[in-house]
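Next come the chains, spelled out residue by residue.
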Amino acid sequence: MVKEFSWDNISKFHNRSNQLFVGLTGGIGSGKTTVANIFQEMGALTIDFDIIAHKVMETGTKCFKNIIDYFGTQILDFHGNINRKKLSKLVFNNIKKRKKLEQLTHPFIYENFFNHLKKISNNNPNSIVQVVIPLLIEFNLMSFFDKIIIVYVPCDIQNQRVIIRDNITKQETENILKSQMPIEEKLQFADFIIDNTKDLVRTKNQAGNIWNHLINASLEKINKTK
Ligand code: ATP
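Residues numbered from 1 in each chain as written. Predicted model: local features only at pLDDT ≥ 70, side-chain atom pairs only at ≥ 80, totals over all residues. Heavy atoms only, no water.

**Student:** When you look at the pattern of salt bridges in this model, what are you seeing that I'm missing?
**Tutor:** Once their charged atoms are close, side chains differing in charge can pair, the charge on each being opposite to the other. Summed over all chains, the structure comprises 7 salt bridges. A salt bridge links Glu102 to Lys99; the nearest nitrogen and oxygen atoms lie 3.8 Å apart. Residue Glu102 and its partner Lys99 are both found in helix α6 (residues 95–123); the two are separated by 3 residues, about one turn of the helix. For Glu102, a relative accessible area of 16% corresponds to the buried category. As a salt-bridge pair, Glu174 and Lys170 come within 3.1 Å of each other at their nearest N and O atoms. (Salt bridge = Lys/Arg side-chain N within 4 Å of Asp/Glu carboxyl O. Helix = DSSP H or I, 4+ residues; strand = E, 2+ residues; numbered from the N terminus. Buried < 20%, exposed > 50% of the residue type's maximum accessible area, 1.4 Å probe, protein only.)

**Student:** In this structure, what is going on with the layout of surface pockets? I would like to understand it.
**Tutor:** Space left empty within the atom packing is revealed by a probe, the size of a water molecule, rolled over the atoms. The space that makes up the largest pocket amounts to roughly 1600 Å³. In terms of lining, the largest pocket is formed by 49 residues, of which the most central are Ile28, Asp50, Arg84, Phe92 and Pro134. Residue assignment for the lining of the largest pocket shows that the elements contributing at least two residues are α2 (32–42), α3 (49–56), α5 (84–92), α6, α7 (155–166) and α8 (170–178). Per-element accounting of the lining of the largest pocket gives the leading share, 8 residues, to α6. Class assignment for the residues of the lining of the largest pocket results in 20 nonpolar, 14 polar and 15 charged. (1 Å grid on protein atoms, 1.4 Å probe; cavity = no way out; pocket = protein on both sides within 12 Å on 5 of 7 lines; lining within 4 Å. Points joined across faces, edges and corners; volume = space filled by probe spheres on them. Nonpolar A, V, L, I, M, F, W, Y, C, P; charged D, E, K, R; others polar.)

**Student:** Hey, could you run me through the packing of aromatic side chains in this one?
**Tutor:** The geometry of an aromatic ring pair is captured by two quantities: the separation of the ring centres and the angle between the planes. All chains considered together, the criterion is met by 7 aromatic pairs. Measuring from ring centre to ring centre gives 6.1 Å for Phe49 and Tyr110, while their planes differ by 65°; the resulting arrangement is edge-to-face. With Phe49 in helix α3 and Tyr110 in helix α6, this pair connects stretches of sequence that are 61 residues apart. Phe49 sits in the buried class, given a relative accessible area of 8%. Of the residues examined, Tyr110 reaches a relative accessible area of 10% and is grouped as buried. Taken together through their ring pairs, the aromatic side chains of Phe21, Phe49, Tyr110, Phe113, Phe144 and Phe145 make up a single cluster. In this arrangement the basic side chain of Lys118 is found over the ring face of Phe114, its NZ or CZ atom lying 4.7 Å from the centre. (Phe/Tyr/Trp six-rings, centres within 6.5 Å; stacked < 30°, edge-to-face > 60°. Lys NZ or Arg CZ within 6 Å of the ring centre and 35° of its normal.)

**Student:** Sorry if this is basic, but what is going on with the environment of Lys221 here?
**Tutor:** Note on placement: Lys221 falls in helix α10 (residues 200–224). For the pair Lys221 and Phe71, spaced 150 residues apart in sequence, the C-alpha to C-alpha distance is 45 Å. Of note is the side chain of Lys221, whose polar atom sits 2.7 Å from the backbone oxygen of Gln19. Polar side-chain contacts of Lys221 include one of 3.0 Å to the side chain of Asp146. (Polar contact = N/O pair within 3.5 Å; in protein donor to acceptor, adjacent residues only side chain to side chain.)

**Student:** I keep staring at the sheet that holds strand β1 (residues 20–26) and nothing clicks. Help me out?
**Tutor:** What links the strands of a sheet is backbone hydrogen bonding, and the strands pair in either a parallel or an antiparallel sense. Reading across from one edge, β2-β3-β1-β4-β5 is the order of the 5 strands in this open sheet, with parallel pairing throughout. Looking along the sheet, the strands with just one partner apiece sit at the ends: β2 (45–48) and β5 (192–195). Within this sheet the neighbouring strands show an average axis-to-axis angle of 25°, counted without direction. The pairing of β1 with strand β4 (residues 147–152) spans 5 bridges and is parallel. Considered in β4, the bridge of Gly23 is made with Ile148. Strand contacts of α6: β1, β2 and β3 (128–132), with the helix running at about 170° to β2, the strand carrying the most contacts. Here α10 sits on the sheet in contact with β1, β3, β4 and β5, set at roughly 160° to β5. (Pairing = 2+ DSSP bridges. Axes fitted to C-alpha atoms, helices over the stretch in contact; angles between N-to-C directions. Contact = heavy atoms within 4.5 Å.)

Okay, here's the thing in structure tokens:
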């Protein structure tokens, strides 16, 4: 049984930690995974909410069963796994269903996240931890993080990249975009913005500059808690 998740628990944990917690967010297809990989190469540890969401929905889990009870077997593929494309189509057109899916998955996602966090904190007490959360701002999770990085691309490029990557229609991408806060509104919450509109060399250069700031912030945090 999943315990009721509370960000207070995480905040208490966070306040005792030497680790620098960085929230990495941005709209769908803005380049969060691409940028997270760059920071990971530089030395950041990564927790990705998309990967956790995949894991908790794996066939046979409690979360999987709850989702099938509500949405039915129509969202399964040939092998009996949840077809995320089908599920996504159902929920992005329907706010009630989207909220229901959040209700069914979030306790499991948060529990998995907290367990993961505790594990990497024990093993790497002075590290920089980036947490990739697509809806960090929408779910008002800003106060948990020491620093927030937003990956920015304008809406038309977001559209183009997602259509190519996921082989979906313009209408489907637009439905997903409509369910998220417009990227321009998110920018006010950023400590750092990475403009990922152009080529990857430029993105890497920006990430390199930000990494230097993160190292300084991390050292400051470690010295404060000494
Ligand atoms: P999602 O919100 O769906 O998880 P994301 O924000 O993690 O997506 P990525 O998967 O990193 O975004 O990038 C989306 C697509 O855009 C990918 O196909 C990626 O290869 C491509 N991409 C990322 N950055 C660039 C860039 N600077 N130039 C061209 N293509 C890019």
